[in-house]
Amino acid sequence: MCILLCVSETAGNNTRVEPEQRKTEKDLRIQYLSCLLAQSCPQLAAEVLELRQEFTSGNSQTAELVCQLGKLDTLYQTLVHAKRKGRYDIEQLKVHRSQISDEWVANQADAILAELGTMNDKRLSIPIIFVIGGPGAGKGTLCARLVQKFNYCHVSVGELLREEQNRHGSVFGDFISKSLANSVVVPASLTMLLLKQKVQHAADNGQGILIDGFPRSLSQIIAFEQEVRISRQLFSVANLN
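Calculation notes
Residues numbered from 1 in each chain as written. Predicted model: local features only at pLDDT ≥ 70, side-chain atom pairs only at ≥ 80, totals over all residues. Heavy atoms only, no water. Phe/Tyr/Trp six-rings, centres within 6.5 Å; stacked < 30°, edge-to-face > 60°. Helix = DSSP H or I, 4+ residues; strand = E, 2+ residues; numbered from the N terminus. Buried < 20%, exposed > 50% of the residue type's maximum accessible area, 1.4 Å probe, protein only. Salt bridge = Lys/Arg side-chain N within 4 Å of Asp/Glu carboxyl O. Core = buried A, V, L, I, M, F, W, Y, C linked by side-chain atoms within 4.5 Å. Contact = heavy atoms within 4.5 Å.

A.B. asks: Can you help me understand the packing of aromatic side chains in this one?
C.D. replies: Remark: the centre distance and the inter-plane angle together describe each pair of aromatic rings, the angle taken between the planes. As enumerated under the stated definition, the model contains two aromatic pairs in all. For the pair F130 and F214, a centre-to-centre distance of 6.1 Å together with 45° between the ring planes defines the contact as tilted. Of this pair, F130 sits in strand β1 (residues 128–132) while F214 sits in the loop between β3 (209–212) and α11 (218–228), and the two are 84 residues apart along the sequence. Residue classification places F214 among the buried positions, given a relative accessible area of 3%.

What follows is the structure in structure tokens.
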């Protein structure tokens, strides 16, 4: 039944429609799935329609639980979105929570709401400037001037890796050394970990931060935004290409 719920929610287009129209679309998607199964597995095709009917009627414990899991999924997807965008409708989320009665599902929902409630407090409020450009473009010169004028913290990803490589007791030191010696790109997750620590240190000192050599892809900036939890309005990019 959970699978059927996912099929009905995700198939088709994402345009906004009225609730009744949306319900009709969901029913038709399940009917289409039943049609696809009809020749190869007629019994399963019939069961698909029966399960859909059971879910929409809400007359069984299974249907009620699946419905509540759907509400929980909505809360979770909102949390994921909020980590990227920083926006959510808390009142609408409370409505979803009020429709959850199962103890385990309710505990998960409360944990999500609690994390959402503290996200604004956890978000850093320091400016971050990504300085990007090819070799010799002047990234270091620009950063040096900004550090001198605004007392920003300058972070070069290459230098950050070398510092970690040479740090006494670092569990990553030998790995970084071998990676650099063999011209192997260090995993983005390690770069992200080191950057996160550096940004937090700058935030504790009330400093803005300049980062050069990062990001190298859209996925990296999305991951950075999620991990560091900083308002998107505080991002800037200095492109020296």
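A.B. asks: Help me understand the pattern of salt bridges, please; the structure alone is not making it clear to me.
C.D. replies: A side chain of one charge can pair with a side chain of the opposite charge when the charged atoms of the two come close. Following the criterion strictly, the structure yields five salt bridges and no others. Across the pair E159 and R162 runs a salt bridge whose closest N-O atoms are separated by 3.4 Å. Taken together, the residues span about one helical turn, with E159 and R162 both in helix α8 (residues 157–166) at a distance of three residues. Linking E164 and R167 is a salt bridge whose minimum nitrogen-to-oxygen distance equals 2.8 Å. Classification of R167 by relative accessible area gives partly exposed; the value is 45%.

A.B. asks: Which parts of the structure should I look at to understand the nonpolar core?
C.D. replies: One broad trend across soluble globular proteins is that nonpolar side chains are buried collectively. Ranked by internal contacts, the top residues of the largest apolar core, which has 23 residues, are V199, I209, I211, F214 and F224. Within the residue set of this core, elements represented by two or more residues are β1, β2 (153–156), α8, α10 (188–204), β3 and α11. Top contributing element to this core by residue count: α10, with seven residues. Not counting residues up to four positions away in its chain, the partners in contact with F214 are F130, I132, V157, T191, M192, L195, Q220 and F224. Residues L75, I100, A109 and L113 belong to the second largest nonpolar core, which totals 12 residues.

A.B. asks: Even after reading the chapter, I still don't get the environment of V157, so can you show me in this structure?
C.D. replies: Assignment of secondary structure puts V157 in helix α8. Separated by 55 residues in the primary sequence, V157 and D212 have C-alpha atoms spaced 6.4 Å apart. Setting aside residues no more than four positions away along its own chain, V157 makes contact with T191, I211, D212, G213 and F214.

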